[in-house]
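Fold and contact review
Residues per chain, in single letters:
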Amino acid sequence: MGVNKLRTGLAMLGIIIGIGSVIALVSLGQSSQAAVTNQIESLGANLLTISPSSQRGEFIQGGAGSATTLTLEDAQAIASSPSVTDVSNVSPEYSRRAQVTAGGKNTNTSIIGVQAIYSTLHKVSVAEGQFISDGDDARQLKVAVLGPTVVQDLFGETNPVGATVRISGQSFRVIGVTVSKGGTGFGNADDVIYVPLSTAQKVLFGATSLSSISVQAKSSAVMTAAEDEVGYLLLDRHKISSPANADFSIFSQNDILNTASSVTGTFTALLSGIAAISLIVGGIGIMNIMLVTVTERTREIGLRKALGAKKKDIIAQFLIESIILTFVGGVLGMFVGILLSFVISKIISLPFTIAFGSILLAIGVSGAIGILFGWYPARKAANLQPIEALRYE
(Lines give C-alpha, C1' and ligand atoms only; values in the text may rest on other atoms or scores of the structure.)
Protein backbone atom coordinates (compact mmCIF):
# COMPACT_ATOMS: atom_id res chain seq x y z
CA MET A 1 0.00 0.00 0.00
CA GLY A 2 2.90 2.33 0.73
CA VAL A 3 4.55 1.69 -2.61
CA ASN A 4 1.33 2.18 -4.63
CA LYS A 5 0.11 5.37 -2.94
CA LEU A 6 -2.06 6.56 -5.85
CA ARG A 7 -3.78 3.18 -6.16
CA THR A 8 -4.34 3.05 -2.41
CA GLY A 9 -5.81 6.57 -2.41
CA LEU A 10 -8.15 5.81 -5.27
CA ALA A 11 -9.25 2.57 -3.58
CA MET A 12 -10.15 4.51 -0.42
CA LEU A 13 -11.90 7.31 -2.32
CA GLY A 14 -15.13 5.36 -2.79
CA ILE A 15 -15.29 4.57 0.93
CA ILE A 16 -14.51 8.20 1.84
CA ILE A 17 -17.29 9.47 -0.41
CA GLY A 18 -19.76 6.83 0.82
CA ILE A 19 -19.14 7.35 4.54
CA GLY A 20 -19.02 11.13 4.15
CA SER A 21 -22.29 11.15 2.23
CA VAL A 22 -24.10 8.97 4.76
CA ILE A 23 -22.95 11.04 7.75
CA ALA A 24 -23.66 14.37 6.02
CA LEU A 25 -27.15 13.37 4.84
CA VAL A 26 -28.16 11.83 8.18
CA SER A 27 -26.89 14.95 9.95
CA LEU A 28 -28.76 17.28 7.60
CA GLY A 29 -31.92 15.19 7.96
CA GLN A 30 -31.76 15.45 11.73
CA SER A 31 -30.99 19.16 11.48
CA SER A 32 -34.09 19.64 9.32
CA GLN A 33 -36.16 17.67 11.81
CA ALA A 34 -34.83 19.77 14.69
CA ALA A 35 -35.57 22.98 12.78
CA VAL A 36 -39.16 21.91 12.05
CA THR A 37 -39.68 20.83 15.67
CA ASN A 38 -38.27 24.10 17.00
CA GLN A 39 -40.47 26.07 14.61
CA ILE A 40 -43.61 24.25 15.77
CA GLU A 41 -42.69 24.42 19.45
CA SER A 42 -41.92 28.14 19.13
CA LEU A 43 -45.64 28.66 18.49
CA GLY A 44 -46.41 27.41 22.00
CA ALA A 45 -46.29 24.35 24.24
CA ASN A 46 -49.03 21.73 24.78
CA LEU A 47 -51.39 23.54 22.43
CA LEU A 48 -54.74 22.51 21.01
CA THR A 49 -56.13 24.60 18.16
CA ILE A 50 -59.89 24.69 17.67
CA SER A 51 -61.08 25.78 14.23
CA PRO A 52 -64.59 26.21 12.83
CA SER A 53 -65.47 23.54 10.32
CA SER A 54 -68.12 23.38 7.64
CA GLN A 55 -67.26 19.70 7.15
CA ARG A 56 -68.82 17.46 9.74
CA GLY A 57 -66.33 14.87 10.89
CA GLU A 58 -65.29 13.47 14.24
CA PHE A 59 -64.36 16.49 16.31
CA ILE A 60 -60.82 15.39 17.05
CA GLN A 61 -60.03 14.67 13.43
CA GLY A 62 -62.34 16.78 11.26
CA GLY A 63 -61.09 19.14 8.60
CA ALA A 64 -60.99 22.87 9.22
CA GLY A 65 -63.19 25.03 7.09
CA SER A 66 -64.19 28.67 6.73
CA ALA A 67 -67.40 28.40 8.76
CA THR A 68 -68.33 30.81 11.57
CA THR A 69 -69.27 28.37 14.28
CA LEU A 70 -66.91 29.53 17.04
CA THR A 71 -67.68 32.54 19.21
CA LEU A 72 -66.02 34.46 22.02
CA GLU A 73 -68.58 32.90 24.36
CA ASP A 74 -67.25 29.46 23.41
CA ALA A 75 -63.76 30.50 24.47
CA GLN A 76 -65.06 31.97 27.73
CA ALA A 77 -66.99 28.77 28.44
CA ILE A 78 -63.86 26.64 27.95
CA ALA A 79 -61.93 28.87 30.36
CA SER A 80 -64.61 28.86 33.06
CA SER A 81 -66.34 25.48 32.76
CA PRO A 82 -65.93 23.19 35.81
CA SER A 83 -65.97 20.18 33.47
CA VAL A 84 -62.75 21.34 31.75
CA THR A 85 -60.07 20.58 34.35
CA ASP A 86 -56.98 19.92 32.22
CA VAL A 87 -56.75 23.33 30.51
CA SER A 88 -54.59 26.14 31.87
CA ASN A 89 -55.10 28.97 29.34
CA VAL A 90 -57.49 29.87 26.52
CA SER A 91 -56.85 32.38 23.74
CA PRO A 92 -59.65 33.45 21.35
CA GLU A 93 -58.33 34.71 17.98
CA TYR A 94 -59.62 36.29 14.79
CA SER A 95 -57.39 36.57 11.72
CA ARG A 96 -57.71 37.86 8.19
CA ARG A 97 -55.33 39.22 5.58
CA ALA A 98 -55.42 42.92 4.81
CA GLN A 99 -53.52 45.66 2.99
CA VAL A 100 -51.30 47.76 5.24
CA THR A 101 -49.63 51.05 4.30
CA ALA A 102 -47.15 53.38 5.95
CA GLY A 103 -45.19 56.29 4.51
CA GLY A 104 -45.82 55.41 0.89
CA LYS A 105 -44.97 51.72 1.35
CA ASN A 106 -47.51 48.90 1.52
CA THR A 107 -47.72 45.18 2.19
CA ASN A 108 -50.40 42.51 2.40
CA THR A 109 -50.13 40.64 5.67
CA SER A 110 -52.07 38.69 8.29
CA ILE A 111 -53.97 40.74 10.85
CA ILE A 112 -54.53 38.74 14.03
CA GLY A 113 -56.96 39.96 16.65
CA VAL A 114 -55.78 38.75 20.06
CA GLN A 115 -56.08 39.23 23.78
CA ALA A 116 -53.15 39.65 26.18
CA ILE A 117 -53.03 35.90 26.95
CA TYR A 118 -51.99 35.20 23.33
CA SER A 119 -48.36 36.11 24.00
CA THR A 120 -48.18 33.56 26.83
CA LEU A 121 -49.70 30.69 24.86
CA HIS A 122 -47.76 31.31 21.66
CA LYS A 123 -44.47 32.41 23.24
CA VAL A 124 -44.53 35.83 21.58
CA SER A 125 -41.86 38.14 22.97
CA VAL A 126 -41.60 41.88 22.37
CA ALA A 127 -38.32 43.38 21.17
CA GLU A 128 -39.53 46.99 21.27
CA GLY A 129 -42.48 48.59 23.07
CA GLN A 130 -45.23 46.38 24.49
CA PHE A 131 -47.79 43.74 23.49
CA ILE A 132 -51.57 44.04 23.33
CA SER A 133 -53.06 44.44 26.84
CA ASP A 134 -56.46 43.54 28.26
CA GLY A 135 -57.18 47.29 28.52
CA ASP A 136 -56.51 47.74 24.80
CA ASP A 137 -59.00 44.96 24.05
CA ALA A 138 -61.64 46.24 26.48
CA ARG A 139 -61.54 49.76 24.97
CA GLN A 140 -61.25 48.60 21.33
CA LEU A 141 -58.15 50.73 20.85
CA LYS A 142 -56.58 51.09 17.41
CA VAL A 143 -53.12 49.90 18.40
CA ALA A 144 -50.89 47.38 16.63
CA VAL A 145 -47.85 45.21 17.32
CA LEU A 146 -45.82 44.48 14.20
CA GLY A 147 -43.86 41.38 13.28
CA PRO A 148 -40.23 41.87 12.11
CA THR A 149 -41.05 41.13 8.46
CA VAL A 150 -43.75 43.81 8.41
CA VAL A 151 -41.35 46.27 10.04
CA GLN A 152 -38.76 45.56 7.36
CA ASP A 153 -41.32 45.94 4.57
CA LEU A 154 -42.79 49.21 5.84
CA PHE A 155 -40.08 50.93 7.86
CA GLY A 156 -36.77 49.31 6.93
CA GLU A 157 -34.28 49.78 9.78
CA THR A 158 -36.29 52.55 11.49
CA ASN A 159 -37.89 51.85 14.87
CA PRO A 160 -41.66 52.01 14.15
CA VAL A 161 -42.88 52.29 17.76
CA GLY A 162 -45.06 55.39 17.98
CA ALA A 163 -45.55 55.58 14.21
CA THR A 164 -48.89 55.15 12.44
CA VAL A 165 -49.89 52.45 9.95
CA ARG A 166 -53.11 52.20 7.98
CA ILE A 167 -54.85 48.82 8.02
CA SER A 168 -57.68 48.53 5.49
CA GLY A 169 -57.79 52.34 5.41
CA GLN A 170 -57.93 52.84 9.20
CA SER A 171 -55.11 54.39 11.23
CA PHE A 172 -53.42 52.33 13.95
CA ARG A 173 -50.67 53.43 16.33
CA VAL A 174 -47.71 51.02 16.56
CA ILE A 175 -47.02 50.12 20.20
CA GLY A 176 -44.57 47.23 19.79
CA VAL A 177 -42.40 45.00 17.63
CA THR A 178 -42.11 41.25 18.26
CA VAL A 179 -38.94 39.18 18.45
CA SER A 180 -38.29 37.22 15.25
CA LYS A 181 -39.28 33.55 15.25
CA GLY A 182 -37.92 32.81 11.80
CA GLY A 183 -39.78 31.28 8.89
CA THR A 184 -40.68 32.18 5.35
CA GLY A 185 -43.61 32.03 2.99
CA PHE A 186 -47.26 31.56 3.87
CA GLY A 187 -47.88 31.32 7.59
CA ASN A 188 -44.64 33.14 8.45
CA ALA A 189 -44.89 33.96 12.17
CA ASP A 190 -42.92 37.18 11.56
CA ASP A 191 -45.19 38.46 8.79
CA VAL A 192 -48.13 39.43 11.03
CA ILE A 193 -49.72 42.38 12.77
CA TYR A 194 -51.39 41.90 16.15
CA VAL A 195 -54.34 44.10 17.12
CA PRO A 196 -56.85 43.84 20.00
CA LEU A 197 -59.41 41.11 19.35
CA SER A 198 -62.41 43.42 19.85
CA THR A 199 -60.87 45.94 17.45
CA ALA A 200 -60.34 43.30 14.77
CA GLN A 201 -63.88 41.97 15.10
CA LYS A 202 -65.92 45.14 15.53
CA VAL A 203 -63.82 47.93 14.01
CA LEU A 204 -61.81 46.36 11.19
CA PHE A 205 -63.78 43.40 9.86
CA GLY A 206 -67.27 43.54 11.37
CA ALA A 207 -67.16 39.92 12.52
CA THR A 208 -68.93 38.20 15.39
CA SER A 209 -67.21 34.81 15.14
CA LEU A 210 -63.66 33.62 15.83
CA SER A 211 -61.14 32.20 13.39
CA SER A 212 -59.73 29.89 16.05
CA ILE A 213 -59.38 29.23 19.74
CA SER A 214 -56.00 28.20 21.14
CA VAL A 215 -56.13 26.05 24.25
CA GLN A 216 -53.12 25.19 26.41
CA ALA A 217 -53.23 21.90 28.31
CA LYS A 218 -51.68 21.78 31.77
CA SER A 219 -49.09 19.26 30.54
CA SER A 220 -48.31 17.07 27.57
CA ALA A 221 -49.58 14.04 29.55
CA VAL A 222 -53.14 15.39 29.70
CA MET A 223 -53.46 16.71 26.15
CA THR A 224 -55.76 13.89 25.05
CA ALA A 225 -57.95 14.37 28.12
CA ALA A 226 -58.05 18.13 27.54
CA GLU A 227 -58.99 17.54 23.90
CA ASP A 228 -61.91 15.35 24.91
CA GLU A 229 -63.09 17.77 27.62
CA VAL A 230 -63.07 20.73 25.25
CA GLY A 231 -64.65 18.73 22.44
CA TYR A 232 -67.60 17.48 24.46
CA LEU A 233 -68.15 20.91 26.02
CA LEU A 234 -68.41 22.52 22.57
CA LEU A 235 -70.68 19.72 21.32
CA ASP A 236 -73.02 20.44 24.24
CA ARG A 237 -72.91 24.22 23.63
CA HIS A 238 -73.58 23.77 19.90
CA LYS A 239 -76.45 21.36 20.60
CA ILE A 240 -74.79 18.53 18.67
CA SER A 241 -75.44 15.04 19.97
CA SER A 242 -72.78 13.10 18.08
CA PRO A 243 -69.06 13.85 17.62
CA ALA A 244 -69.48 12.63 14.04
CA ASN A 245 -71.50 15.80 13.33
CA ALA A 246 -69.19 18.30 15.00
CA ASP A 247 -69.04 21.76 13.38
CA PHE A 248 -65.47 22.38 14.59
CA SER A 249 -62.09 20.69 14.48
CA ILE A 250 -59.44 20.23 17.15
CA PHE A 251 -55.81 19.86 16.15
CA SER A 252 -53.17 18.75 18.62
CA GLN A 253 -49.66 20.14 18.53
CA ASN A 254 -48.37 16.63 19.25
CA ASP A 255 -50.05 15.32 16.11
CA ILE A 256 -48.37 18.02 14.03
CA LEU A 257 -44.98 17.27 15.62
CA ASN A 258 -45.36 13.54 15.04
CA THR A 259 -46.36 14.06 11.41
CA ALA A 260 -43.45 16.42 10.78
CA SER A 261 -41.01 14.03 12.46
CA SER A 262 -42.33 11.12 10.42
CA VAL A 263 -41.97 13.01 7.14
CA THR A 264 -38.45 14.26 7.83
CA GLY A 265 -37.42 10.85 9.19
CA THR A 266 -38.62 9.11 6.03
CA PHE A 267 -36.85 11.67 3.88
CA THR A 268 -33.61 11.20 5.86
CA ALA A 269 -33.82 7.42 5.54
CA LEU A 270 -34.37 7.73 1.78
CA LEU A 271 -31.37 10.01 1.32
CA SER A 272 -29.22 7.79 3.53
CA GLY A 273 -30.20 4.73 1.49
CA ILE A 274 -29.19 6.48 -1.70
CA ALA A 275 -25.87 7.52 -0.14
CA ALA A 276 -25.27 3.95 1.08
CA ILE A 277 -25.16 2.80 -2.54
CA SER A 278 -21.85 4.63 -2.87
CA LEU A 279 -20.53 2.46 -0.03
CA ILE A 280 -21.27 -0.64 -2.08
CA VAL A 281 -19.56 0.92 -5.09
CA GLY A 282 -16.59 1.74 -2.88
CA GLY A 283 -16.50 -1.87 -1.62
CA ILE A 284 -16.46 -3.17 -5.19
CA GLY A 285 -13.56 -0.82 -5.88
CA ILE A 286 -11.68 -2.26 -2.91
CA MET A 287 -12.29 -5.79 -4.18
CA ASN A 288 -11.01 -4.88 -7.65
CA ILE A 289 -7.83 -3.38 -6.23
CA MET A 290 -7.25 -6.39 -4.00
CA LEU A 291 -7.71 -8.77 -6.95
CA VAL A 292 -5.09 -6.79 -8.88
CA THR A 293 -2.83 -6.95 -5.83
CA VAL A 294 -3.22 -10.72 -5.58
CA THR A 295 -2.33 -11.09 -9.26
CA GLU A 296 0.74 -8.87 -8.92
CA ARG A 297 1.97 -10.71 -5.82
CA THR A 298 1.37 -14.25 -6.99
CA ARG A 299 5.07 -15.18 -6.77
CA GLU A 300 5.29 -13.68 -3.27
CA ILE A 301 2.30 -15.77 -2.21
CA GLY A 302 3.89 -18.90 -3.69
CA LEU A 303 7.15 -18.20 -1.87
CA ARG A 304 5.41 -17.68 1.47
CA LYS A 305 3.42 -20.91 1.07
CA ALA A 306 6.56 -22.78 0.06
CA LEU A 307 8.21 -21.58 3.27
CA GLY A 308 5.32 -22.94 5.34
CA ALA A 309 2.64 -20.24 5.38
CA LYS A 310 -0.84 -21.68 5.88
CA LYS A 311 -4.05 -20.69 4.15
CA LYS A 312 -5.23 -18.74 7.20
CA ASP A 313 -1.98 -16.73 7.18
CA ILE A 314 -2.50 -15.67 3.55
CA ILE A 315 -6.19 -14.90 4.17
CA ALA A 316 -5.30 -12.84 7.25
CA GLN A 317 -2.66 -10.89 5.32
CA PHE A 318 -5.01 -9.77 2.55
CA LEU A 319 -8.00 -9.27 4.84
CA ILE A 320 -5.94 -6.99 7.08
CA GLU A 321 -4.90 -4.94 4.05
CA SER A 322 -8.52 -4.67 2.92
CA ILE A 323 -9.75 -3.69 6.40
CA ILE A 324 -7.01 -1.08 6.74
CA LEU A 325 -8.06 0.47 3.43
CA THR A 326 -11.73 0.65 4.38
CA PHE A 327 -11.16 1.67 8.01
CA VAL A 328 -8.81 4.54 7.12
CA GLY A 329 -11.23 5.54 4.37
CA GLY A 330 -14.07 5.42 6.90
CA VAL A 331 -12.25 7.69 9.37
CA LEU A 332 -11.40 10.19 6.63
CA GLY A 333 -14.99 9.97 5.37
CA MET A 334 -16.22 10.72 8.90
CA PHE A 335 -14.33 14.00 8.99
CA VAL A 336 -15.47 14.86 5.46
CA GLY A 337 -19.10 14.15 6.41
CA ILE A 338 -18.93 16.27 9.60
CA LEU A 339 -17.31 19.15 7.69
CA LEU A 340 -19.88 18.95 4.88
CA SER A 341 -22.84 18.89 7.27
CA PHE A 342 -21.42 21.85 9.23
CA VAL A 343 -20.86 23.96 6.09
CA ILE A 344 -24.25 23.14 4.53
CA SER A 345 -26.08 23.75 7.85
CA LYS A 346 -24.54 27.21 8.06
CA ILE A 347 -25.35 28.01 4.42
CA ILE A 348 -29.05 27.08 4.70
CA SER A 349 -29.42 28.30 8.33
CA LEU A 350 -30.16 24.97 10.00
CA PRO A 351 -29.05 23.93 13.49
CA PHE A 352 -25.86 21.86 13.29
CA THR A 353 -26.60 18.33 14.53
CA ILE A 354 -24.37 15.26 14.49
CA ALA A 355 -25.66 11.79 15.31
CA PHE A 356 -22.78 9.93 16.93
CA GLY A 357 -24.65 6.70 16.36
CA SER A 358 -24.49 7.25 12.61
CA ILE A 359 -20.72 7.89 12.86
CA LEU A 360 -20.12 4.66 14.76
CA LEU A 361 -22.41 2.77 12.38
CA ALA A 362 -20.67 4.19 9.32
CA ILE A 363 -17.20 3.26 10.59
CA GLY A 364 -18.44 -0.19 11.58
CA VAL A 365 -19.96 -0.65 8.14
CA SER A 366 -16.66 0.39 6.53
CA GLY A 367 -14.87 -2.36 8.46
CA ALA A 368 -17.55 -4.86 7.47
CA ILE A 369 -17.16 -3.84 3.84
CA GLY A 370 -13.41 -4.49 4.15
CA ILE A 371 -14.10 -8.04 5.34
CA LEU A 372 -16.95 -8.69 2.89
CA PHE A 373 -15.26 -7.43 -0.25
CA GLY A 374 -11.77 -8.48 0.81
CA TRP A 375 -12.75 -12.08 1.50
CA TYR A 376 -12.91 -13.26 -2.11
CA PRO A 377 -9.46 -11.87 -3.10
CA ALA A 378 -8.00 -13.28 0.13
CA ARG A 379 -9.50 -16.73 -0.55
CA LYS A 380 -8.22 -16.62 -4.12
CA ALA A 381 -4.71 -15.86 -2.85
CA ALA A 382 -4.88 -18.59 -0.18
CA ASN A 383 -5.97 -21.25 -2.72
CA LEU A 384 -3.00 -20.70 -5.04
CA GLN A 385 -0.71 -23.74 -5.38
CA PRO A 386 2.90 -22.92 -4.35
CA ILE A 387 4.52 -24.46 -7.43
CA GLU A 388 2.16 -22.77 -9.88
CA ALA A 389 2.51 -19.46 -8.02
CA LEU A 390 6.34 -19.62 -8.10
CA ARG A 391 6.26 -20.34 -11.85
CA TYR A 392 3.89 -17.38 -12.49
CA GLU A 393 5.32 -14.60 -14.68
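Some words on the pattern of salt bridges
Inspection of every chain in the model, using the stated rule, returns one salt bridge. Where Arg237 meets Asp74, a salt bridge forms, and the shortest distance between an N and an O atom there is 2.7 Å. Of this pair, Arg237 sits in helix H7 (residues 223–237) while Asp74 sits in helix H2 (residues 72–80), and the two are 163 residues apart along the sequence.

What about the pairing of strand S8 (residues 192–196)?
Across the five residues of S8, five count as buried, placing the element largely inside the fold. The sheet contact formed by strand S3 (residues 105–114) and S8 spans five bridges and is parallel. Paired with Gly113 across the bridge in S8 is Val195. One ladder, built from two bridges, connects strand S5 (residues 143–146) with S8; its direction is antiparallel. Looking across to S8, one finds that Leu146 is bridged to Ile193.

Some words on the packing of helix H9 (residues 298–306) against helix H10 (residues 311–347)
Packing of H9 against H10 leaves a shortest axis separation of 10 Å and a crossing angle of 140 degrees. Judged by the twist between their axes, the crossing of H9 over H10 is right-handed. Along the contact surface, H9 presents Glu300, Ile301, Arg304 and Lys305, while H10 presents Lys311, Ile314, Gln317 and Phe318. For the contact of H9 with H10, the residue count by class is three nonpolar, one polar and four charged.

Regarding the environment of Ser349
You can see Ser349 is positioned in the loop between H10 and helix H11 (356–382). A residue is classified by how much of its surface remains accessible, and Ser349, at 63% relative accessible area, is exposed. Sequence separation of Ser349 and Phe327 is 22 residues, and the distance between their C-alpha atoms is 32 Å.

Let's talk about the nonpolar core
By size, the foremost hydrophobic cluster in this structure holds 46 residues, and its most contacted members are Ile50, Ile78 and Ile167. In this structure, Ile167 is in contact with Ala98, Gln99, Val100, Ile111, Phe172, Ile193, Val195 and Leu204, ignoring residues within four places of it in sequence. Counting 31 residues, the second largest nonpolar core, distinct from the first, contains Leu279, Leu325, Met334 and Ala381.

Describing the packing of helix H8 (residues 253–296) against H10
Between H8 and H10, whose axes approach to 11 Å, the crossing angle comes to 145 degrees. Between H8 and H10 lies a crossing of right-handed hand. Contacts between H8 and H10 involve Ile286, Met290, Thr293 and Val294 from the former and Phe318, Glu321, Ser322, Leu325 and Thr326 from the latter. In terms of residue class, the contact of H8 with H10 is built from five nonpolar, three polar and one charged.

Examining the packing of aromatic side chains
All chains considered together, the criterion is met by five aromatic pairs. Each residue in the set Tyr118, Phe131 and Tyr194 is aromatic and connected to the rest through ring pairs, giving one cluster.

Considering the domain arrangement of the protein
Per the domain assignment, the segments making up the protein are domain 1 (5–39 + 262–391) and domain 2 (47–218). Just the C-alpha atoms count here: the centres of domain 1 and domain 2 sit 54 Å apart.

Cut-offs and rules
Residues numbered from 1 in each chain as written. Predicted model: local features only at pLDDT ≥ 70, side-chain atom pairs only at ≥ 80, totals over all residues. Heavy atoms only, no water. Salt bridge = Lys/Arg side-chain N within 4 Å of Asp/Glu carboxyl O. Helix = DSSP H or I, 4+ residues; strand = E, 2+ residues; numbered from the N terminus. Buried < 20%, exposed > 50% of the residue type's maximum accessible area, 1.4 Å probe, protein only. Pairing = 2+ DSSP bridges. Axes fitted to C-alpha atoms, helices over the stretch in contact; angles between N-to-C directions. Left-handed = near helix turned anticlockwise from the far one by under 90°. Contact = heavy atoms within 4.5 Å. Nonpolar A, V, L, I, M, F, W, Y, C, P; charged D, E, K, R; others polar. Core = buried A, V, L, I, M, F, W, Y, C linked by side-chain atoms within 4.5 Å. Phe/Tyr/Trp six-rings, centres within 6.5 Å; stacked < 30°, edge-to-face > 60°. Domains from an automatic or database assignment.

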